[in-house]
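Here's the letter readout for the chains.
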Amino acid sequence: MTNANHPIKAPKKLIEVALPLDLINVAAAREKSIRHGHPSTLHLWWARRPLAAARAVIFGQLVNDPSWRWELDHPGQPVPGHLKGGHANARRHLFKILEDLVLWENTTNEVVLERARAEIRKSWRETCEVNADHPQAAELFNPDKMPGLHDPFAGGGAIPLEAQRLGLEAFASDLNPVAVLINKAMIEIPPKFAGRPPVSQSLGNSGKAKSGQVEMAGLEVPAKGRGKKKAAGSAEAAATAGKAWSGATGLAEDVRHYGAWMRTEAEKRIGHLYPPIEVTAAMAKERHELKPYVGQSLTVIAWLWARTVKSPNPAFRHVDVPLASTFMLSSKEGKEAWVSPIVEGDSYRFTIRVGTPSEEAKNGTKLSRGANFRCLMSGAAIESAHIYTEARQGRMSSRLMAIVAEGDRGRVYLAPSAEAEDIAKLAEPTWKPDLLMPENPRWFSPPGYGLTNYGDLFTPRQLVALTTFSDLVSDVRDKVRSDALAAGLPDDPLGLDAGGIGAVAYADALSLYLAFAIDRVVDRHSTIATWDSSPSKLQLRNTFARQAIQMTWDFGEGNPLCDSSGTFGPSIEWVAMAVDSLPKLQTAGSAAQANAQVQSISTGKFVSSDPPYYDNIGYADLSDFFYVWLRRSLRAVFPTLLATMAVPKAEELVATPYRHGSKDKAEAFFLDGMTSAMHSLAIQAHPAAPLTIYYAFKQSDTKSESGTGSTGWETFLEAVHRAGLSLTGTWPMRTELGNRMIGSGTNALASSIILVCRPRPADAPTTSRRGFLRELNLALPAALDEMTQGIDEHGKKQSPVAPVDLSQAIIGPGMAVFSKYAAVLEADGSPMSVKTALQLINRFLAEDDFDHDTQFCLHWFHQYGWNEGAFGEADVLARAKATAVSALAQAGVIHSAAGKVRLVKPADYPADWDPEDATRIPIWEALHQLIRAFREGGETAAGTLLGNPEVRGKAEAARQLAYRLYTLCERRGFAEDARAYNELVTSWDAIEAASTSNAPAPAPAPRQQTAQGSYR
Ligand SMILES: C[S@@+](CC[C@H](N)C(=O)[O-])C[C@H]1O[C@@H](n2cnc3c(N)ncnc32)[C@H](O)[C@@H]1O
């Protein structure tokens, strides 16, 4: 977007030089366990990035690195010593700001935030200053108006939200209307109404509010057995009178108030479908623990059902037998409860038992994984084929197994009754979602069992409840509109969608938050939601316990009017708390629906984005589950955004074979689409800052053919390269909780890698494969050293990259070399693919060329040099490298005693070593014996050793290892060790000659040649 004849001066950014990675990782992982008041609780979205990571990345991307002025004035020249100290101090200052900035506790700490904003503004002014003479300065470098930040794959909105928090105008776009709504709720709506007192409070203080007060007073005393008092109503509003309503807190208060009104209304309309249950003396006859409840009416939390099919046994063909994956109701110690079926003739009934459960109780009628059950009547196996047939022929039904009620001492489990079943049948929905689920069993298994439509995922009673709440959205909208007018909001006829800012728009805004609360209820009120009997839960799970809709056999039908988790009241509070926590600054934000391949929103803006990870998550398909409800509730508010029957799928940049016809076609679609999306960013983004792009890995991704990543990762990088971007930094970030990070063969996202990119100059040169390799040899040792040691080029400590992330992290500096060229040309003139480049880069790290013992030693040396480390760590590492500490000690490469382990130094290797006697000779040992021999007897002694057939077979690998260790030691300043390896390598030809003949050895090669010798 700049004039090619007038290149702009783009200061180097902090993220292109250094980041306190471990601090960011810890904060990001910690944040994942925070729920209360986290903006992510507004609405479910899949694979959200932690806010801490997004905030740190944006800060690092926009703040100038202290070396920027030197780098601009002396491109390519190392920073002179007298400046390094000052730069390091200044960097430390920025790190300190980041350290505070990433903490969850500081997300609304204006002092901390303002410190970060001030640095960003300062960097912007510096950039404007050095570009003041640029012909486009007026347009591009206005020191008083910083560009906004755009995320074209905004999803759950972490990046735009953090941009806004950091004082930038935030722009979010996404193809998916649900994501667009989430972003509107987070960054677009709150600034419009920021600082306003709640409409409900204004009314509460005026005479006109009298009727409202009566209405709300009704809610202050909940119906008998219907849960506790909730924070809502004019009494509360009155209590908050006089409070300063900063940021979106007024809006949040209205969410509470009008949500409470909706709940009261819903109770009037559907309360009869959720009657309390009276505990009778008969019920308590064999259940002593029920005695204190006799005569009491308890609020029902959930009715638990089992799906049924006709028995496969001809003798019981007329019986609908239960498919229950468990009979457990509570696994809480001392409070265990389960469903116990009693077979009577050719029928059965369910009773509840307490005490120590049997194995059978845990397994229900399930025999094995998948749809494999046993017939309760005959014991015969019910095979999946039978269930498929029954389900597809519409003969799958359901039977009530248990009722869970709320007692004053915890959950009370009661046997089902005919009355309870009958009440459920009373429900007659007038609407249900009418949209087919995709035929993609990877993410959607219910269609395989005849539940093909989203509408099939709900019981009639659930449908009645959800449509009632949905209807109430338009009622509440009318109510808010008139209340807002009465409270003095402008009588602006324009709605939110048309840019309104008055009463109509306010009513629209509230209906969005209230519809989000309904979606929280939808998530817990489908037949995919099962009962969680684990001790700390004892509640319904949500539909999206996984990133898929998976068939369930037993399920819970919750009471949306009670106060249990996932019901309407608490959902309102979750949404309100999330709104409360939104940034207090009134910086504008906007969210729009746009296909990232063709959007022009990025023009002149900074860009940070987190695109889809190849085939990991089917956002569009999954979000239809919510979209159908949001569309029903909000179509009048967002007529264009919610115009289509379903979420748009065709342009979604997800490599789904089922949608594109084959794996290859899906890959081609992803590559082309991502290339054009990235290209459009490369040409539009503001040139003063690099772009930052996230990519998240699956555990399984690290095991690809090339050992460098997955098809997804390779394809993604290929797209970035083809789009004309070159890499100026990469940061592997751990953004998941520890237990998920380690993974368990699942596809849990393990780690994100942040790519820092700048557009490649149009006149970027090409290079040869040889030239590329030469540069890799120069660049990677230093990079590897910095990553593993946590020592930067100036010798200052920084965060080390976790060893497990190393193979991903090394890609960064490697791809930085690759991507600065327009092309790396193979011998035949064809451009090298990213896949090949990744293989070459990763070969640098590959320890596979070495035996397991050597792999251990190399890894240990990286970490400890010749120093001691704990036995435990050595043990873990040895196991990971398929060897053992004892074997390593026996081979003579380590010394292990008193809980400590260290590598044996070359000088301590035994001089009387006879390779013929050794049972195993690690390359590590061979190399260090060669060094010892060389030291003691020069080329002749080393040559003699090399001539031994046992050692000769390891010659090339030993030389490679010496090279690796030389570069490593030199970087670390282990001068003596470096010299030893270097001498061996420089004398290699002579040693080889000495090993094969008595002929005089050739003169050693010049030293620097070896240092630059290629590793392949
Ligand atoms: C990894 S998610 C973003 C997650 C987000 N950073 C967060 O923290 O929640 C990727 C997003 O890309 C969106 N997407 C997929 N294809 C798209 C396209 N062609 N144009 C715009 N957005 C697209 C998906 O809807 C999804 O929301």
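Colleague: Explain the environment of Leu-83 residue by residue, including any values.
Modeller: Locating Leu-83 in the fold gives a position in helix H4 (residues 81–101). Relative accessible area serves as the criterion here: at 26%, Leu-83 is assigned to the partly exposed category.

Colleague: How would you summarise the site of the ligand if you had to cite specific residues and measurements?
Modeller: Residues in close proximity to the ligand total 25 residues, the closest being Arg-49, Gly-156, Asp-174, Ala-596 and Asp-610. In the model, a nitrogen atom of the ligand is placed 3.0 Å from a nitrogen or oxygen of the Glu-651 main chain. When the ligand sits alone it has 600 Å² of accessible area, and the protein chains cover 100% of it. Grouping the amino acids of the shell around the ligand by side-chain chemistry returns 14 nonpolar, five polar and six charged.

Colleague: Provide a residue-level description of the nonpolar core, including the pertinent values.
Modeller: Residues Phe-59, Leu-634, Met-678, Phe-716, Leu-755 and Phe-772 are the most contacted members of the largest nonpolar core, which totals 213 residues. In terms of residue count, the dominant contributor to this core is helix H18 (residues 503–524) (15 residues). The contact partners of Phe-772, leaving out residues within four places of it in the chain, are Thr-767, Gly-814, Val-817, Phe-818, Val-824, Met-832, Ala-837, Leu-840 and Ile-841. Formed by 48 residues, the second largest nonpolar core is a distinct cluster that contains Ala-933, Ala-942, Ala-955 and Ala-978.

Colleague: How would you sum up the environment of Leu-113? Please name residues and give values.
Modeller: Along the polypeptide, Leu-113 turns up in helix H5 (residues 110–130). Relative accessible area serves as the criterion here: at 1%, Leu-113 is assigned to the buried category. For the pair Leu-113 and Arg-165, spaced 52 residues apart in the sequence, the C-alpha separation amounts to 7.5 Å. With residues up to four places along the chain from it excluded, the contact list for Leu-113 reads Leu-101, Asn-106, Thr-107, Thr-108 and Arg-165.

Colleague: How would you summarise the packing of helix H32 (residues 923–947) against helix H35 (residues 975–986) if you had to cite specific residues and measurements?
Modeller: Contact geometry for H32 and H35: axes closest at 10 Å, N-to-C directions at 85°. In terms of orientation, H32 and H35 fall into the roughly perpendicular class. Taken together, the residues of H35 that come into contact with H32 (itself represented by Leu-927, His-928, Leu-930, Ile-931, Phe-934 and Arg-935) are Ala-980, Tyr-981, Glu-983 and Leu-984. In the contact of H32 with H35, the residues fall into seven nonpolar, one polar and two charged.

Colleague: Can you lay out the sheet that holds strand E11 (residues 381–382) for me, pointing to particular residues and giving the numbers?
Modeller: Here three strands make up an open sheet; going across it, the order is E9-E10-E11 and the pairing antiparallel. Among the strands making up the open sheet, the edge pair consists of strand E9 (366–368) and E11. Where E9 meets strand E10 (residues 372–374), two bridges bridge the pair, whose relative direction is antiparallel. From the neighbouring strand, Ser-368 faces E10, where its bridge partner is Asn-372.

Colleague: I'd like to hear about H5, residue by residue, with values.
Modeller: Each α-helix winds once per 3.6 residues, and so residues spaced three or four apart point in a common direction. Taking 1.5 Å per residue, 21 residues should reach 30 Å; H5 reaches 30 Å between its end C-alpha atoms and fits that length. By the burial criterion, the buried members of H5 are Val-112, Leu-113, Ala-116, Arg-117, Glu-119, Ile-120, Ser-123, Trp-124, Glu-126, Thr-127, Cys-128 and Val-130. On its buried face, H5 is in contact with helix H2 (51–62), helix H3 (68–73), H4, helix H6 (137–140), helix H7 (158–165) and strand E18 (606–609).

Colleague: Which residues make up the sheet that holds strand E24 (residues 869–870), and what are the values?
Modeller: As summarised here, the arrangement of the three strands in space is E24-E26-E25, forming an open sheet in which the pairing is antiparallel. Each edge of the open sheet carries a strand with a single partner, namely E24 and strand E25 (894–897). Two elements, E25 and strand E26 (residues 900–903), share four bridges in a ladder whose sense is antiparallel. Along E26, the bridge assignment pairs Ala-897 with Lys-900. Helix H29 (residues 852–864) contacts E24, E25 and E26 of the sheet and is inclined by roughly 100° relative to E26.

Colleague: Go over the packing of aromatic side chains, please, and point to the residues and values.
Modeller: Evaluated as defined, the whole model comprises 32 aromatic pairs. Aromatic side chains Phe-327 and Phe-350 sit 6.2 Å apart centroid to centroid with 55° between the ring planes, which places their arrangement in the tilted category. Here Phe-350 lies in strand E8 (residues 347–354) and Phe-327 lies in the loop between strand E5 (320–323) and strand E6 (328–330), a separation of 23 residues in the sequence. Given a relative accessible area of 3%, Phe-327 falls into the buried group. Centre to centre, the rings of Tyr-695 and Trp-713 are 5.2 Å apart; their planes meet at 35°, and the pair counts as tilted. Of this pair, Tyr-695 sits in strand E19 (residues 691–698) while Trp-713 sits in helix H23 (residues 711–722); the two residues are 18 residues apart in sequence, bridging distant segments of the chain. Each of the two residues, Tyr-695 as well as Trp-713, counts as buried. An aromatic cluster of at least three residues, connected via ring pairs, comprises Trp-45, Trp-46, Trp-431, Phe-458, Phe-544, Tyr-619, Phe-625, Phe-626 and Trp-629. The side chain of Arg-409 reaches across the aromatic face of Tyr-293, ending 5.3 Å from its centre.

Colleague: Which residues make up the pairing of E18, and what values go with them?
Modeller: Looking along a regular strand, one sees the side chains alternate between the two faces of the sheet. Burial of E18 is two-sided: the residues Phe-606 and Ser-608 facing one way and the residues Val-607 and Ser-609 facing the other way are all buried. As paired strands, strand E1 (residues 149–151) and E18 are joined by two bridges and run parallel to one another. If you follow Leu-149 over to E18, its bridge partner there is Phe-606.

Colleague: Just give me the short version of the confidence of the model for the protein chain, but keep the residues and values in it.
Modeller: For any part of a model where pLDDT is low, the fine detail of the predicted coordinates should not be relied upon. Counting all residues, the mean pLDDT for the protein chain is 87, and 88% of those residues have values of 70 or more. Confidence drops under pLDDT 50 across residues 737–750; counting only partners more than four residues distant or on other chains, this segment forms 30 contacts. Here residues 998–1016 scores under 50 on pLDDT; set against residues more than four positions off or in separate chains, the count is 34 contacts.

Colleague: Can you explain the packing of H18 against helix H20 (residues 619–634)? Please cite residues and give values.
Modeller: Contact geometry of H18 with H20 gives a least axis separation of 10 Å together with a crossing angle of 145°. The way H18 lies across H20 gives a crossing that is right-handed. Residue-level contacts link Ser-511, Leu-512, Ala-515, Phe-516, Ile-518, Asp-519, Val-522 and Asp-523 of H18 to Phe-625, Phe-626, Trp-629, Leu-630, Ser-633 and Leu-634 of H20. Residue composition of the contact of H18 with H20, by class: ten nonpolar, two polar and two charged.

Colleague: Describe in detail the pattern of salt bridges, supporting the description with residues and values.
Modeller: Enumeration over the complete set of coordinates arrives at 48 salt bridges. Two residues, Arg-117 and Glu-110, come together in a salt bridge whose shortest N-O distance is 2.9 Å. Here Arg-117 falls in the buried class, since its relative accessible area comes to 2%. Classification of Glu-110 by relative accessible area gives partly exposed; the value is 31%.

Colleague: How would you summarise helix H12 (residues 249–270) if you had to cite specific residues and measurements?
Modeller: End to end, H12 covers 31 Å across 22 residues, agreeing with the expected 32 Å (1.5 Å per residue, within 8%). With 20 of its 22 residues buried, H12 lies for the most part within the structure.

Basis of the calculations
- Residues numbered from 1 in each chain as written.
- Predicted model: local features only at pLDDT ≥ 70, side-chain atom pairs only at ≥ 80, totals over all residues.
- Heavy atoms only, no water.
- Helix = DSSP H or I, 4+ residues; strand = E, 2+ residues; numbered from the N terminus.
- Buried < 20%, exposed > 50% of the residue type's maximum accessible area, 1.4 Å probe, protein only.
- Near = heavy atom within 4 Å.
- Polar contact = N/O pair within 3.5 Å; in protein donor to acceptor, adjacent residues only side chain to side chain.
- Areas by Shrake-Rupley, 256 points an atom, 1.4 Å probe, with all protein chains shown as cover.
- Nonpolar A, V, L, I, M, F, W, Y, C, P; charged D, E, K, R; others polar.
- Core = buried A, V, L, I, M, F, W, Y, C linked by side-chain atoms within 4.5 Å.
- Contact = heavy atoms within 4.5 Å.
- Axes fitted to C-alpha atoms, helices over the stretch in contact; angles between N-to-C directions.
- Parallel < 35°, antiparallel > 145°, perpendicular 65-115°, else oblique.
- Pairing = 2+ DSSP bridges.
- Expected span 1.5 Å × (residues − 1).
- Phe/Tyr/Trp six-rings, centres within 6.5 Å; stacked < 30°, edge-to-face > 60°.
- Lys NZ or Arg CZ within 6 Å of the ring centre and 35° of its normal.
- pLDDT = per-residue confidence, 0-100.
- Left-handed = near helix turned anticlockwise from the far one by under 90°.
- Salt bridge = Lys/Arg side-chain N within 4 Å of Asp/Glu carboxyl O.

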